[in-house]
Structures are given as structure tokens and as C-alpha cells.
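Observations on the model geometry
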Amino acid sequence: MKGGLVIFLFLFSCSITFAQTKISGKVIDQKTKEGIPGASVRIKDTNSGAVADFEGNFSINALPNATLVVSFIGYTNKEVAVNNQTTLTIGLEESANELEQVVVIGYGAQRKVDVTGATSSVKGEELARQPVMTPTQAIQGKVAGVQIISSGRPGSSPNIRIRGTGTALAGTATLFVVDGVLTDDISNINTADITNVDILKDASATAIYGSRGANGVVIITTKKGVAGKMAVNYNVQAGMRSAANLVKMANAAEYANYVSAASGGQPFPAGTVSTDWYGQILREAFMQNHNLSISGGTDKSKHYLSLGYLGDEGIIIKNNFRRFTARLNDDFTLHEKLRVGIATSFSNSRDQNVNLNAAYNNAYRASPTIEAMKDGKYGNTSLFQNVGNAVLDINNNDDYAVINRLQSSAYLESNPIKSLTFRSSIGGDANYRNAREYNYQFNNDQTTFILAGGNQRNPNSNLTVTNENIFRWVWDNTLTYNQTFGKHTLGVMVGTTAEQYSQSKFSAFRRDVPASKNLWYINTGNANTSTNSGEGDRWARNSYISRLNYNFNDKYLFTATMRADGSSRFPVNNRWGYFPSFGAGWVLTNEEFLKGQSIFQTIKLRASWGRVGNDRISSDGYIVTVEPNLAYPFGGGVATPGSAITQIKDPNLKWETTEEADLGLEFSALNGKLQGELGFYDKKSHNLLINVKVPSVTGDKDGVVLTNAASIRNTGFETALNWRDKINDDMSYRIGGNITFNKNTVIGLNGGQPIIDGGIGAGQQYTTKTDNGQPVGSFYVLQVLGVFQTDDEVAAYKGTNGQAIQPNASAGDFKYQDTNGDGKIDDNDRVFVGSYQPKAYFGLNLGFTYKDFDLSVDAYGNFGNKVYNGKRAFRQGLYDNVEASMAYGRWSRGSGVNDEPAANSGNLPASTYFVESGDFIRINNIALGYNISSTLLNKLKIASARVYVTAQNYFTFKKYSGFTPELPGDPTKAGIELNAYPTAKTLAVGLNVGF
């Protein structure tokens, strides 16, 4: 009986096996139609399954009535009924749950839900719609923990601060990784070529980049070719830019009245001219952006080619920036276990710059009673004041640069066995900059000026030519093992990376070069006036990297990384740095106690700790150098050239090190409609560079030595929430917002000298001080107590010794606080009054679609910071112009005005009068688009077409009285508006066409 049963079961199982059919198919991305390698294909309610190959192809045996369950990270699972079919093409859609999306984490990729560090992503299509030069400008306000400060000048790159400022004297640049190539500058990257931008924010996420990770990492992935029919896309934007938030200056009558009052009532003739100097140097500027891309290929080879042109005239006369870009990305499958590829981009930039120092400083200070130009001659602003004609400053200086940049990376990837991947990639970045600056000759006579005289002249033309060459290469080799053992998933990556950087720069100068542009060469100038200079740099890194990822049952996550970096920038005994990190995650929604609920699709808690470094210091920071050509007096008083060691160097310089602890919560709820994250961080930077005093007997010329002594701490909280929903089949909307609170504090100078910086003109020796217990670059100024209303009040302001505290003051002058009580006003009375670093910064993003129409609105801003009105502080004489608010709001006897002094000639000391609120909200982009109907497109044989109009930076709500509260700069002197480029507002139209 038992034997018969065994025979029956055997025959039954055989019948089932023989009834199964071999099914072949391909898993593709529903949107791009590209194969999805590694997709899982499983027979429902069984353990039988297959994994798609590197083209997305699969083969599986199944019953004719079976159901296949197809899945892949970042996509929504899909069930497909076989229905007697033997060939299937299965399209997967990207998951609405952002935690299921794939993010690049450095030398690899993971599902967002599996990442234990703090990361954020922005899709390239969100960036390409804005009329900006760099992708970082388009990210403003879209990512929590990331502050982006843009100057607005054509060709310039914004400052990026990720979770606060962690250094004072070393470099603050964020590390960019473009298709594996490491760089500090992405001004050559065409935004239209970007697929995704992934931002690594905490030390756990950035530790894999070791010595480069202290300021955060931004990973940019560019577009690849897609197998199938060739696709052609053309995008164009064109529009006009103009200055936003201009400062209203006094007109001729208001100016004359102010000067008269400042000079004790002496009349000053207003004349018949009233010149708006900003109106003379600013203009409506045309901008355009063209992008053409071609992509296509087969399962064995895929290609992406793009060409781009960006032109921006700039809102200052004579300013102009143009950039041409070309990109070619190719991927080839040589064998099912071997793939190669290359990503190459070339950019050519041409920048006609203007001297902002002369243009804006002089436009602010110049008298409105002087004409800018008449009959081809310039108004002579220097007749009665030490100010140049701003129009002349621009027209008689030609500052032009050409930058050619070639960036390329190539890779070879092999899978000797199923779970093991070897990848070798090498990248290079070559940057060649050729610049020339020509200053025309002119005299202070009536051939140049309407009226002769004054002190604005350039008796000799001169030419400066600068050539700079930069080359960087990086070579990575990694071995990655990924395997699943039941409920356990293990990933191990080990590798090495090597990098080398070299730079050389040469400048030459001569006077009396002819005015014809065809003769602007050094050899045409006066050889007796020739000077030249040269400099260079070279350094190298060698690193070993490793990472361990462990996942148990999609519930418990653990990540550990270690990087060992060796850098030639440090002495031999401190050449190596070691940067570990650890992270853990807990996916609560995969626990049994939450399985029954339907509100949350995913809840993940994460915690991490990591250590990263900063090696952005001078390559000779620890090397003692000799200063040549010093004059030494010998017998007879004759000076003889000689050399000497004038600067003591610390032979034990080492890495600036940042340790960061992070705690976060990420969730997806209500069927993916609501996505959110919250994060807390505590980031401490140690061994920061600072100057320490040394005894004068050491012979050091400035009495200080640069060494590792200071510490800075950033603590903060960040949160982001995004809601997407459909009202009906025709209407949908999205609302997203993020906010970051950050506190920056110098927690120890450890013998280092406080850093004073931000000098402005006469009487403003410095405006900032970086010191213990304060944010980096805090404003350190005199405290204004108000305005002396009467001379008796001046006389009554006395110290404990009975002497007048401000003996030279009079009614209408500022009353300054005697902070230390010594009976006089000097630098010892300065107080800290805030810094440029905001207490919080935020972003808001809205979107709405109705049928074929779409509308989006983006905004960002910050609050809790201060800015310094440096242009107002720079006023240096009686005849300098003033703002209209100063002309009307100034103190006069009996007015009771207590916040604006009487008419004066400037040269006021640094004080709270110049410190203003930096709070602002900016609507940085409004876009309205229309997708042309498919019916019309089919007739025209066009795959897709969208037209849109966009307005950028049209609305800014601010308290600051100047041009802009966005003021990029070094951390110890950021937030000073002196020669800032005014924010430009843009109105543009665009067209996207696909064939």
C-alpha cells in the first residue's frame, strides 16, 4: 500500500512538471522602456522564481494558468497572469513610496528604506525647468539641511552649506561627484543632462569619502541611453532678466539738501541734472538656453548625446556669459558578465566680467548732480569727491576669460559569479582657463570728461594675461558582494581609490599696450614695465575603502564603513587619517504589531555616528619656505638683496576632523500620499586650523603660526513633509515643505587667536570676530544707544571719572555704549550682535495639474541671521551720495529721530547701525505649463511637446534695506553687502519637444 502511494505521488508530480511551460520575457521600466536588471520574477504562492539579467531578460517554468509576481527596488510590485502565453513584456512603474526609491550612496546604490544615514534626492526633471546655470541653484529650498546662497552673477557658482559651517580657515567647498569624478566645481554641468542629484548630509553617509566628506557630498548622475527607438528631445528657454529690489538713492535736490546740512548749512547747488547711477549701469538682459539630446541603442549598446548652449547677457552693461556644452555617454554589454562604458563632457565658457568693486561702489557713492555721459564724454565725478564715474569704470576695463573643460570617466564592470561584482573606473577633469584684463588709457582732460580736472585717470594702458591649467584624475577599484540567505541579506564592498591634482598658473603684465583688441598681447607693450608671476600646486591621495550592509528580514538594518586616506598635504607622521562610521535602522512597519494597520506603509527609525575629515589646506602649510628678494642694509647703508625664513610653520599639521551623531525618522503614509522625515544631528569639528601667537624672538613676521587648535559645533533639527494626491482623474496636486534649525558655535579656540575679518573702508577696520561661544563670523561692533538729541545730552554722557565719553560728539551724532565702563569709546567696547548664519532656513514647493496644464510654485528663505550694510558703511566723504531713506529719515533738531543720525560725511565706526535683519522669503520660481494634446502631436509626428512660462525671483519679502540678503562669502566674513551683484528676476518662456 505504501509503495503504491509513493508511485502515485511520483507520477502526479511528474505530470505537474511536464505540464509546466517555459516562459521567456523582459522586465522594463514603464516610462523609459529600458530593461531592469536584477528584477525578481516569482511564481505566486510558491518559492520558485528567477532573476532578470543585465538587460532585464528572464526565463522561468510555470503552469499556463500561473500568476507571476514581479518586483524590484524603487518600483511597485506587479502581478501578471500567464494565460497560456510563452513570451511576456512586463512594465513596472516607479513606486509612489519615496522610501522604495533607489539612492546613490557613494560607490554603490541602495533603496532609501535601507539607508541608515541622512540622504536626500532631487530628480533632474525638477531642476531643468528653471532658467539657471548650475543645478545647485535649482535645488534652493528643496532639501532639508541644505542651504544654498547664490550671488546671481552670470557664470558664478553658489555657496552650499550642508548642516552648518564646520570650519573657519580651511576650505568650505562641498564635494561633488559627477559620474564618479570628484570635483569642487560643477559650473560646466548642463542641468538638462542630469538624471538625479543625491545629497549625503551626515557623517555616516559621507564617511565613505573620508577626507573630503566634512562639508557634505553631492552626487550627480547624468542621463544614459535607453534601448529601443532613437529618441530626440529639444528644450529651449528664452527670456529677459532685470534687477530686483533696487536701492533708491537720493536725487539731485535731496542730495544737495543733505550735503548742505552735513557741511553746516553751506549751500550746495543742485543744478539741472539728476543722474540715477544704478539706472546708468544696469539694463534689461536677454537670456537663452538651448538643449538638444539624442538617445537610443540596443540591448548590447546604449548611447546618449547632448548639446547645450546657455547665453546670459547679465544685468550690468558690458557683462556677458556664454557656455557651450557637449556630452556623450555610452554603455556596452560585451558579454553577459562584462560591461564597459564611458561618460564624457566638454564645456566652453566665455565670460565678459565687470569690476563690481568699481562699478557698484562708485554707483552708490557718485553725486547725482553729475551727468554719466554727454556727447561721448564722461561726467567728471571726481571733480569734488574721490569717486570714479561708474560708467567709465566699466567701459574702460575689459575683463574677459575663456574656460575649456573636459571631464570624462570610463568603467569596466564584471560579474565573475552571480553575487560578486568587480568595477574599475577612471576619471579625469582637465580645466584650462585663459584670461586677459585690459585697462584703457585716459586722462582727466576734456577729451574724456565733460569738464577737465579731478583725479580719475589712467595715464598708461595696461594688460594682464593669465593662463591657468588644472588637471585631476581619480581611479577607483571596488569589489562588491551581495547575497541573500533566507531572511538575511548581506552586502560587502571593499576597494581602493587613488587621486592626483596638479595646477599651474602664470601671469604677465605690461603697460602701454595699444587700444586695438587685435594687439592685446604682452609683446606689444612696453618691455621696461614687464612683470610676471607664476604659481602652482600638486597633491595626491591614496585611499582604502570598505562598507558592510546587513538586512535582517527587511526589519533590522546595519551599516558600517571605514576609509583610510593618505594625503600628501600633510607631514609624513600625520599623512594617514581613518574615518569610520556606523548606522542602524529599524523598519517598524514590518513588525507584526504594526501589520494590521493601514495608515503607514513604511516607518523607519535610524541612528548613526561617523567621522569625516577636511584636508582643504594649502599644500605647503607645513613646509618651511624661504622668502626671496628681501633688502638688507650693509655697510654704507646700501641695501643688498637677500633671503630669509619669515614664517614659522607647524611641522605637525593634521586633518580637520568632524564627528557627527544623527537620529532620524522616515515614513510613508496614506498609500504613499504623505512622505516625511525628521532628523536630529550633533556635529562637532575638531583640530580646526587657527592662528596661535608665538614669541617675537622666533622671528615670525606676523607673530602667529597656523596650527590645529579650534573646535566648532553645529547642532540642529530638520524636517521635510511632502503630500501628493489626486482630486479626480483630471486634477492632482502636491505640497512639500522643509525647515532646518541650526545652531553654530565656536566651542574652543584652545590657545588660538580670535579671527577678525570683514574690513570696510576708513574707520571700519573690521566688522566680524570668530571667538569662543559665538557663531563663526559673528558681527562684532559698537552698540548704538540712539542719537544725541541735544548738546546738553552729549555733555551729560560721562564716565565714572567725570570726563565726557564722546567729547567730540554733537547733537545729531550717534551715542555709543561704553561697554567696558572705561569712560571712552574704542574697539574694547564692541559687542557681538549676531552672525550671517541663520537660525533656520526653509523651503516650500507647490504643484497643481489639471488635464494638460500644470502649475508649480517654489519658495525658500531663512530667518534669525544678520547682514551688514557694507556699502552704506563705505561712505568716505562729505560729497558721497546717500540713500533716499537717509535723506528723508535723518535727524534734525527737534525731530526726535533716534535711529538715523544727522547729515554727515561718513567714515562712521562699525556699529549696530549697519547691522540689519537677514530674514527673507523669496518666491524663486513660478511656472505654468501646457502639454500639447496627443491628437495634434500624432498629426505632426511628435512624441511629446510642452510649452511653459516661468518667472524667477519676482517676489522677495525682506527686512534688509539693501539689494539682497543673499551674500555668499568666506565663513569668517560672510553677510557683508559691499559689492554684491543685485538679484536678477527673470521672465522666460520655454518649449520641450520630443520626437
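Criteria and thresholds
Residues numbered from 1 in each chain as written. Predicted model: local features only at pLDDT ≥ 70, side-chain atom pairs only at ≥ 80, totals over all residues. Heavy atoms only, no water. Helix = DSSP H or I, 4+ residues; strand = E, 2+ residues; numbered from the N terminus. Rg over C-alpha atoms; globule rule 2.2 N^0.38 Å. Buried < 20%, exposed > 50% of the residue type's maximum accessible area, 1.4 Å probe, protein only. Areas by Shrake-Rupley, 256 points an atom, 1.4 Å probe, with all protein chains shown as cover. Lys, Arg positive; Asp, Glu negative; His and termini not counted. Charge placed at Lys NZ, Arg CZ, Asp CG, Glu CD. Contact = heavy atoms within 4.5 Å. Core = buried A, V, L, I, M, F, W, Y, C linked by side-chain atoms within 4.5 Å. Phe/Tyr/Trp six-rings, centres within 6.5 Å; stacked < 30°, edge-to-face > 60°. Salt bridge = Lys/Arg side-chain N within 4 Å of Asp/Glu carboxyl O. Pairing = 2+ DSSP bridges. Axes fitted to C-alpha atoms, helices over the stretch in contact; angles between N-to-C directions. Polar contact = N/O pair within 3.5 Å; in protein donor to acceptor, adjacent residues only side chain to side chain.

Here we come to the overall build of the chain. The helix and strand tally for the chain stands at 12 helices and 51 strands. Taking 995 residues into account, the globule formula puts the C-alpha radius of gyration at 30 Å, and the chain, at 33 Å, falls close to it. Along the three orthogonal principal directions, the C-alpha set of the chain runs to about 125 × 70 × 65 Å. Taking all 995 residues of the chain together, 52% fall into the buried category. Surface summary for the chain: the accessible area is close to 43,000 Å², and the carbon and sulfur share equals 56%. Charge centroids of the chain, computed over 93 positive and 88 negative side chains, lie 4 Å from each other.

This part is about helix α7 (residues 356-365). Among the 10 residues in α7, 9 count as buried, and that is most of the element. Among the structural elements, α6 (277-281), α8 (390-395), α10 (870-873) and α11 (884-889) are those in contact with the buried residues of α7.

The next point concerns the nonpolar core. Counting residues in hydrophobic clusters, the biggest one holds 64 residues, and the most contacted among them are Trp-277, Tyr-278, Ile-281, Leu-282, Ile-316 and Tyr-868. Among the elements that make up this core, the one with the highest residue count is α7 (5 residues). Apart from residues lying up to four places away in sequence, Trp-277 is in contact with Ala-363, Ala-366, Ser-367, Pro-368, Ile-370, Glu-371, Ala-372, Thr-381, Asn-389, Ala-390 and Val-391. Ile-23, Ala-66, Leu-88 and Leu-92 belong to the second-largest nonpolar core, a separate cluster that totals 20 residues.

This part takes up the packing of aromatic side chains. The final tally for this structure, using the stated rule, is 33 aromatic pairs. Centroid distance Phe-579 to Trp-655: 5.6 Å. Interplanar angle 85°. Geometry classified as edge-to-face. Of this pair, Phe-579 sits in strand β30 (residues 576-587) while Trp-655 sits in the loop between β33 (639-644) and β34 (656-669), and the two are 76 residues apart along the sequence. Accessibility classification places Phe-579 together with Trp-655 in one group, the buried group.

This brings us to the pattern of salt bridges. Counted according to the given criterion, the structure contains 48 salt bridges. A salt bridge links Glu-718 to Lys-201; the nearest nitrogen and oxygen atoms lie 2.8 Å apart. Remark: Lys-201 occurs in the loop between β15 (194-200) and α4 (203-206) and Glu-718 occurs in strand β36 (residues 704-726); sequence separation between them is 517 residues. Each of the two residues, Glu-718 as well as Lys-201, counts as buried. What you see here is one network of salt bridges that share partners, running through Lys-112, Arg-163, Lys-201, Lys-604, Arg-606, Glu-660, Asp-662, Glu-666, Glu-677 and Glu-718.

Turning our attention to the sheet that holds β15. With mixed pairing, 5 strands are arranged side by side in an open sheet as β10-β15-β16-β13-β14. Looking at the sheet topology across the chains shown, the edges are occupied by β10 (119-123) and β14 (181-183). Each strand of the sheet is rotated relative to its neighbour by a mean of 20°, with strand direction disregarded.

The buried count for strand β5 (residues 67-71) comes to 4 of 5 residues, which makes it a mostly enclosed element. One ladder, built from 4 bridges, connects strand β2 (residues 40-43) with β5; its direction is antiparallel. Counterpart to Ser-40 in the pairing with β5 is Ser-71.

Locating Asn-553 in the fold gives a position in the loop between β28 (531-552) and β29 (556-567). Exposure remark for Asn-553: the relative accessible area of 28% places this residue in the partly exposed category. Taking the C-alpha atoms as reference points, Asn-553 and Met-249, separated by 304 residues in sequence, lie 68 Å from one another.

A word on the side chain of Thr-950. Note that Thr-950 resides in strand β49 (residues 944-952). Separated by 3.3 Å, the side chain of Thr-950 and the backbone oxygen of Ile-926 make a polar contact. Excluding residues within four positions of it along the chain, Thr-950 makes contact with Pro-131, Asn-925, Ile-926, Ala-927, Thr-986, Leu-987 and Ala-988.

What follows deals with unusual backbone geometry. At Asp-512, a position not held by glycine, the phi torsion is positive, near 60°. Position of Asp-512 relative to the elements: it lies in the loop between β27 (488-511) and β28. Within the chain, Asn-553 stands out as a residue other than glycine whose phi angle is a positive 60°.

In this fold, Thr-770 is placed in strand β39 (residues 768-770). Overall, Thr-770 belongs to the buried group, its relative accessible area being 2%. Within the local environment of Thr-770, its side chain forms a polar contact with the backbone nitrogen of Gly-777, the two atoms lying 2.9 Å apart. Here Thr-770 is in contact with Val-746, Leu-749, Pro-754, Ile-755, Val-776, Gly-777 and Thr-972, once residues within four sequence places are set aside.

Distances and angles like these do not, on their own, reveal function.
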